[in-house]
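# Architecture at a glance
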Amino acid sequence: MPSASKRTARPSFYEVVFQGSPKVVRGFLAGLQIGCGVQTTILYHFDAGIFDESQAGRLAERIGFKRADCHVVVDRSLCDRLRKLADEIAEETGLVIESCRNVRSAEMSFKFTVYARRYQQEIMKLIKELPAGLRVADFQYHEDIDPRAEGIEAYAPAHDYAAHGEGKIIGRVDLLVEHRRKLARQPLIEEGEIHLKLA
């Protein structure tokens, strides 16, 4: 029977930076995953809304001053395999692993403004009902209620109800990526990019 510590072991994740085309990296990692026959976590920064570099860095890539790179977050088992095979990967594919750094946690800012209670309730549910491993921080919330404006059209300058909120969601990167996708389906929430805290 597995010990309590093994049953509750927290998964760990690593940011791996490849020097090479994102298309080649995606194809290589898909092949590696299929070849190993094991389901692993692979989160591409450009798909998952994870911040990886400045606008200037992206521009430098486009005009040829900097080689293309691809940032991905992977679980520990895949990271260990990539480290072990780094020389072979470079030799066979031309992809160079520039770095592998532990992701200690991740955070994402969000904000919203709504003019109806039902939208406020939907959004508050999304913010409060987080999976274990995520938490809300620095949450600021304000409601304005003006009974004199009741019945006015939605696009008028005065509303009988308005709610504004902003804060951060912090925690496990894989869970945060999934929750960001849920928030993105609610058009009244403005979610920021996910920032990684690396060891």
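One structure accompanies this document, and this report is about it. Here the structure is a predicted model, which means the values were calculated and not measured.

### Some remarks on the overall build of the protein
For the protein, the count of helices and strands is 8 helices and 7 strands. Taken across its 199 residues, the protein has 39% of its residues classed as buried. For the protein, the share of sequence-separated contacts (at least 6 apart) that also reach a separation of at least 24 residues comes to 76%. Carbon and sulfur atoms make up 51% of the accessible area of the protein, which amounts to about 12200 Å² in all.

### Description of helix α8 (residues 173–184)
In this model, α8 (12 residues) spans 16 Å end to end at C-alpha, consistent with the 16 Å of a helix rising 1.5 Å per residue. Taken together, the buried positions of α8 are V173, D174, L175, L176, V177, H179, R180 and L183.

### Regarding the pattern of salt bridges
Overall, the coordinates contain 7 salt bridges when judged by the stated rule. The partner of K197 in a salt bridge is E107, with the nearest N and O atoms 3.4 Å apart. Here K197, found in strand β7 (residues 189–198), pairs with E107, found in strand β4 (residues 96–114); they are 90 residues apart in sequence, far enough to count as distant. Judged by relative accessible area, which is 40%, K197 ranks as partly exposed. One connected set of salt bridges, linked through shared partners, spans E107, D138, K168 and K197.

Cut-offs and rules
Within any chain, residue numbers begin from 1 and follow the written order of that chain's sequence. The model is predicted, so local features are restricted to residues of pLDDT at least 70 and side-chain atom pairs to those at 80 or more, both for listing and for counting; the totals for chains, interfaces and linings are taken over all residues. Based on all heavy atoms of the structure, the side-chain values leave hydrogens and waters out of the count. To qualify as a helix, a DSSP run of H or I must reach at least 4 residues; to qualify as a strand, a run of E must reach at least 2; elements of each kind are numbered from the N terminus. Each residue is assigned to one of three classes by its accessible area relative to the maximum for its type, calculated with a 1.4 Å probe on protein chains only: buried under 20%, partly exposed between the two thresholds, exposed over 50%. A contact between two residues is defined here by any heavy atoms of the two lying within 4.5 Å. For the accessible areas, the method is Shrake-Rupley and the probe is 1.4 Å, while residue cover comes only from the protein chains on display. In this analysis, the expected span of each helix is defined as 1.5 Å times one less than the number of residues it contains. A side-chain nitrogen of Lys or Arg and a carboxyl oxygen of Asp or Glu constitute a salt bridge if their distance falls within 4 Å.

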